[in-house]
Amino acid sequence: MIKYLTSLKNQYIKDLLSLKNSSEKKKLNRFLVEGEDLVTLAYENNQLDLVISLEEQEKYSSIDQYVVNQAILEKLSNNKSASKIIGVAHFEKKDITGNSLVYLDHVQDPGNVGTIIRTALSFSYSGVLLSPGCASIYNEKVIQSSKGAIFKIPVLEECQIDDLKEKNYQIVSTCLKDAVDYFKVELNDCFVLVFGNEGQGICKDILKKSDLLIKIPMGNIDSLNVAVAAGILMNHYRS
């Protein structure tokens, strides 16, 4: 179906604009993605519902399309310069299984969350789990910084570490105190790498429940950006 829309007052456009609201995105499990790369990745992974652009897109002929004017495209965009194409996508909600997982405890910077998701995909981890209080997967900066990885690797929100312990995963947490250098230990076949909040680190409750505490030895500085630390450890422990 192709619709030609020219008014910002059209109900279809009002519905699309509501997807810029965080609570609405999560409620409906629908959100806007901008640019050809992200739209294509969502489409290739069967998570694209609708395309909005200035002209008909033969590439996406199997799904609904809205052909709009520049003013509408700019209103829908979150960028200073509106993309030529915007999509409406959804997440496939799946249970995460596999031997190597990443757990983020209150990581609040959306750029960090998106980068870690992207890195986890690159290093063939089974999935990424987010604690309550993490930046949402519906946040446009998380989606953008993941570079589309969020459509290709399972990601779950509102996850609790206790659920992973019950499934007999080895809980491996990163911290600076009472921890062993990461390259001196091997992990179990099934493990979860835990990374904490940018300022406070991993909460005490999770540290107490951890099976192993590891650290990255450093000189001349006392900490690393969480996405950088995650990349180092995910690379070291990947299969």
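Reference entry: report on the structure contained in this document. (Residues numbered from 1 in each chain as written. Predicted model: local features only at pLDDT ≥ 70, side-chain atom pairs only at ≥ 80, totals over all residues. Heavy atoms only, no water.)

### Let's talk about the pairing of strand E6 (residues 100-104)
Every regular strand shows the same layout, with side chains that alternate between the two sheet faces. Extensive coverage of E6 is indicated by the burial of 5 of its 5 residues. Of the two faces of E6, the one carrying Ser-100, Val-102 and Leu-104 and the one carrying Leu-101 and Tyr-103 are both buried. Across 5 bridges, the pairing between E6 and strand E11 (residues 191-195) is parallel. Looking at E11, one finds that Val-102 is bridged to Leu-193. Sheet topology places E6 next to strand E7 (residues 127-130); 4 bridges connect them, and they run parallel. Within E7, the residue paired with Leu-101 across the bridge is Gly-127. Running through helix H5 (residues 110-122), the crossover from E6 to the neighbouring parallel element E7 is right-handed. (Buried < 20%, exposed > 50% of the residue type's maximum accessible area, 1.4 Å probe, protein only. Helix = DSSP H or I, 4+ residues; strand = E, 2+ residues; numbered from the N terminus. Pairing = 2+ DSSP bridges. Right-handed = clockwise from strand over helix to strand, strands pointing away.)

### Some remarks on the nonpolar core
Within the largest apolar cluster, 52 residues are counted, with the highest numbers of intra-cluster contacts made by Leu-104, Phe-151, Leu-193 and Tyr-237. Looking at this core, the element that brings in the most residues is helix H9 (residues 226-237), giving 7 residues. Residue contacts for Tyr-237: discarding those within four places in its chain leaves Tyr-125, Tyr-182, Val-185, Leu-187, Phe-191, Leu-193 and Ile-214. Residues Leu-16, Ile-52, Leu-73 and Leu-76 belong to the second largest nonpolar core, which totals 14 residues. (Core = buried A, V, L, I, M, F, W, Y, C linked by side-chain atoms within 4.5 Å. Contact = heavy atoms within 4.5 Å.)

### Quick word on the sheet that holds strand E8 (residues 155-156)
With parallel pairing, the 7 strands of this open sheet are ordered in space as E8-E7-E6-E11-E9-E12-E10. The sheet is open, and its two edges are formed by E8 and strand E10 (180-181), each paired on a single side. Across 2 bridges, the pairing between E10 and strand E12 (residues 212-215) is parallel. Paired with Asp-181 across the strands is Lys-215, a residue of E12. Contacts from H5 reach E6, E7 and E8, with the element oriented near 175° to E6. Contacts from H9 reach E6, strand E9 (170-174), E11 and E12, with the element oriented near 160° to E11. (Axes fitted to C-alpha atoms, helices over the stretch in contact; angles between N-to-C directions.)

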